[in-house]
Amino acid sequence: MEDKQVSGEAAPSGISVRTAEIVVAVFLLILGSLVMYDSVRLGFRWASDGPEAGYFPFYIAVIICIASLGTLGQVLFGKSRGEHKVFVEWEQLKLVMSVLVPAAFFVFGIQMIGIYVASVAYIAFFMVWLGKYTLIKSVLLGIAVSVATFMMFEVWFKVPLFKGAFNPLSFIGY
Amino acid sequence: MEEINALFHGFSVALTPFNLMLMVIGIVLGVLIGVLPGLGGANGIAILLPLTFTMPPTSAVIMLSCIYWGALFGGAITSILFNIPGEPWSVATTFDGYPMAQQGKAGEALTTAFTSSFIGAFFAVVMITFLAPLVAKFALKFGPPEFFSVFFLTFCSFIGMGKEPPFKIVAAMMLGFALAAVGIDTVTGQLRLIFGWHELMRGFDFLIAVIGLFGIGEILLSMEEGLSFQGRAAKIDMRIVIDTWKKLPKYWLTSLRSCIIGCWMGITPGGATPASFMSYGIAKRMSPDGAKFGTGMPEGIIAPETAAHAAGTAALLPMLSLGIPGSPTAAVLLGGLLIWGLQPGPLLFVEQKDFVWGLIASMYLGNIVGLIIVLTCVPLFAAILRIPFSIVAPVIIVICAIGAFTVNNAMLDIWFMLLFGVMGYAFKKLSYPMAPLVLALVLGDQAEDAFRQSMLISQGDVRVFFSNGLVGSIMALGLLMLFWPLIGKLKARMRNAS
Amino acid sequence: MDIQRVLSRGLLSLAVCGLVTVSGPVAAWEPTKPVEFVIPAGTGGGADQMARLIQGIVAKHNLMKQALIPVNKSGGAGAEGFLEVKAAKGDPHKIIITLSNLFTTPMATGVPFNWKELTPVAMLSLDNFVLWVNAEDPYKTAREYLDAVKKGGPNTFKMGGTGSKQEDQIITVAIEKAAGVKFTYIPFKGGGAVATQLVGKHINSSVNNPIEAVAQWRAGALRALCVFDDQRMPYKDKVTATQSWNDIPTCKESGVPMEYVMLRGIFMPAGVAPDVVAFYVDLFNKVRATPEWKKFMEDGAFNQTYMTGKSYADWVAKAEALHRDLMKEAGFLAKP
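Note that this is a predicted model, so its numbers are computed, not measured. (Residues numbered from 1 in each chain as written. Chains lettered and ligands numbered in written order. Predicted model: local features only at pLDDT ≥ 70, side-chain atom pairs only at ≥ 80, totals over all residues.)

Below, the discussion takes up the overall build of chain A. Each helix and strand counted, chain A has 6 helices and 4 strands in total. In chain A, the succession of helices and strands from N to C terminus is α-β-α-β-β-α-β-α-α-α. When the 174 residues of chain A are sorted by exposure, 36% land in the buried category. At a minimum sequence separation of 6, the contacts of chain A that also span at least 24 residues come to 60%. (Helix = DSSP H or I, 4+ residues; strand = E, 2+ residues; numbered from the N terminus. Buried ≥ 20, exposed ≤ 12 C-beta atoms within 10 Å, placed from the backbone. Contact = placed C-beta atoms within 7 Å.)

Below is the structure:
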């Protein structure tokens, strides 16, 4: 995979490793600062009977910040730290997004119409769009998976799964 | 031998057609539960507990413990095939199991995992049979400082294993600790790191993170690899089982070591998850092929699986003899005993001979039945990989979403799962290691609780961790593990010098 | 549907006032889908055991046409479960089992929730607390033990308990107040762990519920000093070789003037019709009549006080005030 990216006639375009490194390091830095902030509120000292509630989170956050500053420093000032390497090519990113975006819609769907109905739609959509299966086949498989999970969770194991804000299955009494 | 007699009596109790049927049902249900992430062990048994309410206690516990064995077996399946650990203790199995499956050796990996599980469990059952009263006493020696030392040892035997940049290893591990701290703090009862957002109260469950980081992250990665919409070739032949078995005996030392680690962790009770991590870490240090761990070494499957299963089985011993649950699953089983009108504790072995020895006999039988069932299914499991990606991927995501939901019955967790998926994808590509993050997440708050309880006991005196022989030697062992790589280097230098 | 509801609303006021104890088809309402039984605690704990026992009893004796489905919502010391039921206003298919965290959790964490935002259904029982020490220690009575604690100086003796700023720690604070002593309180995650730590002598005493410590008591590893109820437990069958639950003196008898019992009760979301409440009250009446329930009560040495309707709500209000006082004094209330 690496070779494919680095070699090749023209350097393939995409998000560079450098950018990705910076984004993740900054993300961790922000996270660390947030944790530090809350730990100070909780008390981060070593009291007479051992550490307070914020003691460990505070130092954990300090270490996170130091480590991400370290990574950041290496990326910004180190030599040839992947400046020309590509983190993800646009083509690849498109493929990744083709899974991620529908997945996000799927989760949103669960929130609205519940796991069972959203699953049918998601599986069918995925198979038709990316797998080029026929609509009938895809919908049938989606329904099969949903019915199987429904039987297993709701009926046999008695584990209620999320039915969504607008429960479309309320007519069958669940 | 009194135990042998009692055991044979136990077999006569367990070996009725009705009980055998319950065993098979239990194993199959257990495998199913183990495969579904989120519904594993403790949850699964809690859910099925009321179903056993109408059975005689011995039959009920046989069925439930078989569900437990089944779940232990089942957890390995998705870890190996899809990089999704169905159970916390099978995380370490993904490290080498998934690469093996990727290389077309899924059948081999599964056989290795199942066989190791069986060996671990068998070792533990034999120990329970003959050493029960002796060993049970040992568990009582564990107070907060001793618990902390066990966690310390687990971390130490796992730290510093990666080839990733040190800054990133540290960042990943600390991120795990930070996530583990979210939610209520056991020692002070304060809500930590929730920033006024009450949905965060339940904290980040380890399984949510794992399903996202490993499962969803992996799907995103394989998507990128240029439409691998074809299933991977995997041999689906019963012969693979025999062929694998021929290769296994040479790993006897790893097996034995893992059995001992597992039993010890099950009894103490540290539990199956730390046992699997510790065993993997130590195997990596001790094995001549240690450097190749993570690329698909059978030893990397044997070590965690054997230890997890030995620990899972051994955890039942303190439950039966002391009434202390050695694992969350054992805690639920313990509740079961009360519901069936039995009283776990030191007198159970005296007052309920039929029940105890029936259960122990069923451990032998259940594991044998389980091994046969899962091994015959190896080709079937391996064949799943042949299903085209565009069918498997959405189904996996649906199952992951269900799993994420069932852990805490929380919708928000499904969103977190997706978020962790993106994080897993980015982390893997930027070589932030996932293992330390996961380990810190699963053991972080327990280790912190144990540490702070110790501090309360000693009124803030850190010397409590070296206050007696037991805790002192575990801590010393931990330090030894921590500096093991350095010691190795020193040794090499001395050899070069001479 | 509406007419039915209006009609039954007439019945309800009667029903709630106490007629409900008459079993039989009083209520017109019946669940039309599975009923979610929220447990604001983790799997394996006392509340979880009781909820799953009830589920088993309901299923075994066919007490309800629809299934009763336990769901654990243990986040934030149970706050998650309470918030969910609070949010499910008017949902007749949701009930919740509570313990003292009904009061302690919102007070200690500041989570916006109060029991008045729920509908009280029934008090199932009250759980007892017993002061335990290791059987190898020389203390035979609560007085002897507390004298030793006093002599030892503050923070020398370690009291183990479940969770922080919850019932176990509140009892500890109450003992300290009543006896003029000071313990080091060590919080653990579960009652079973506490009992084991006491057997292993990592702590000096505990205030476990009977059911959490009974196994060790019977095995002669623990000694029961006194029970925190205002009267002795009524169970006279021998549990250990020499003692029954009834032989344990109350703490008051032993010169520790305090009492504490913990609620094991059922609540529902606010805004449900009275006939719905009547249905559940009737259901729990039937559960209480089964031999399995009676055995469980006896095994766990529960105080079998049973209340519904107004008397129950009054009891809860009183208990809340008591908790507020104790927690205020101990400095456990969340800072605003």
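What follows is about the overall build of chain B. When helices and strands are counted, chain B shows 23 helices and 2 strands. For chain B, whose C-alpha radius of gyration is 22 Å, the value lies close to the compact-globule estimate of 23 Å for 498 residues. Dimensions of chain B along its principal axes, counting C-alpha atoms only, are 60 × 60 × 60 Å. Across chain B, the fraction of contacts at a sequence separation of at least 24, relative to all contacts at a separation of at least 6, is 80%. (Rg over C-alpha atoms; globule rule 2.2 N^0.38 Å.)

All names here are of chain C. Spatial strand order, β2-β1-β3-β10-β4-β11: 6 strands in an open sheet with mixed pairing. Unpaired on one side and paired on the other, β2 (68–72) and β11 (307–308) mark the two borders of the sheet. For strand β1 (residues 35–39) and strand β3 (residues 94–98), the ladder comprises 3 bridges, and the chain directions are parallel. Bridge pairing links V38 to I96 in β3. Running over the sheet, helix α3 (residues 79–87) touches β1, β3, β4 (118–127) and β10 (262–269) and is turned about 145 degrees from β1. (Pairing = 2+ DSSP bridges. Axes fitted to C-alpha atoms, helices over the stretch in contact; angles between N-to-C directions.)

If you want to describe how two helices pack, look at the angle between their axes and the distance between the axes. Residue and element names in this part refer to chain A. For the pair helix α5 (residues 115–131) and helix α6 (residues 135–156), interaxial distance at closest approach is 8 Å and the crossing angle is 145 degrees. Where α5 crosses over α6, the handedness of that crossing is right-handed. Where α5 approaches α6, its residues Y116, S119, V120, I123, A124, M127 and V128 are matched on the opposing element by L135, S138, V139, L141, G142, I143, V145, S146 and F150. (Left-handed = near helix turned anticlockwise from the far one by under 90°.)

The figure often quoted for interface size is the accessible area lost as the parts come together. Between chain C and chain A, the contact holds 7 residues from the first and 4 residues from the second. Split by residue class, the side of chain C that touches chain A holds 4 nonpolar, 1 polar and 2 charged. (Nonpolar A, V, L, I, M, F, W, Y, C, P; charged D, E, K, R; others polar.)

Listed by partner, the interface residues are 48 residues for chain B and 52 residues for chain A. Listed by contribution, the elements that provide at least two residues to the side of chain B that touches chain A are α8 (166–181), α9 (206–224), α19 (389–408), α20 (412–429) and α21 (435–458) of chain B.

All names here are of chain C. Spatial ordering of the open sheet is given by β7-β6-β8-β5-β9, a layout of 5 strands whose pairing is mixed. Two strands lie at the open edges of the sheet, namely β7 (184–188) and β9 (222–227), each paired on one side alone. For strand β5 (residues 130–134) and strand β8 (residues 205–206), the ladder comprises 2 bridges, and the chain directions are antiparallel. When the bridges of β8 are listed, V133 appears paired with S205. Along the sheet, helix α6 (residues 167–179) makes contact with β6 (158–162) and β7, crossing β6 at roughly 145 degrees.

Note that L141 of chain A resides in helix α6. For L141 of chain A, a count of 18 C-beta atoms within 10 Å puts it in the partly exposed group. Taking C-alpha positions, L141 of chain A is 23 Å from M97 of chain A, a pair spaced 44 residues apart along the chain. Those residues in contact with L141 of chain A that sit more than four places away from it in its chain are I123 and M127 of chain A together with I391 of chain B.

On to the nonpolar core, then. Formed by 345 residues in total, the largest nonpolar core has its most connected members in A401 and M417 of chain B together with Y280 of chain C. Not counting residues up to four positions away in its chain, the partners in contact with Y280 of chain C are I95, V121, I266 and M268 of chain C. (Core = buried A, V, L, I, M, F, W, Y, C linked by C-beta atoms within 7 Å.)

Time to look at helix α11 (residues 309–330) of chain C. Residues and elements named next belong to chain C. The terminal C-alpha atoms of α11, which comprises 22 residues, lie 32 Å apart, in line with the 32 Å expected from a rise of 1.5 Å per residue. Among all positions in α11, only G309, Y312, V316, A319, H323, L326 and M327 are buried. The arc that holds the buried residues of α11, viewed along the axis, is 100 degrees, so those residues lie on one side. Exposed residues on α11 whose side chains face more than 90 degrees from its buried face are K310, D314, K318, A321, D325 and K328. Just downstream of α11 lies G331, where phi reads positive at about 75 degrees. (Expected span 1.5 Å × (residues − 1). Arc of directions from axis to C-beta.)

Residue and element names in this part refer to chain C. In terms of burial, β5 is largely enclosed, as 4 of its 5 residues are buried. Looking at chain direction, β5 and β9 are connected through 5 bridges and run antiparallel. Counterpart to V130 in the pairing with β9 is V227.

So, about unusual backbone geometry. A negative phi angle characterises most non-glycine residues, just as the trans form characterises most peptide bonds. Residue and element names in this part refer to chain B. In this model, N409 sits at a positive phi of 55 degrees, which is unusual for a non-glycine residue. Note that N409 resides in the loop between α19 and α20. N409 gets classed as buried once you count the C-beta atoms within 10 Å, which come to 20.

The next thing to look at is the confidence of the model for chain B. Summarising the model, chain B shows a mean pLDDT of 85, and 95% of its residues fall at 70 or more. Interface confidence in the predicted complex, given as ipTM, is 0.90; pTM for the same model is 0.87. (pLDDT = per-residue confidence, 0-100.)

All names here are of chain C. Summarising burial for β3: 4 of the 5 residues are buried, a large majority. Sheet topology places β3 next to β10; 3 bridges connect them, and they run antiparallel. Opposite I96, over in β10, you have F267 as the bridge partner.

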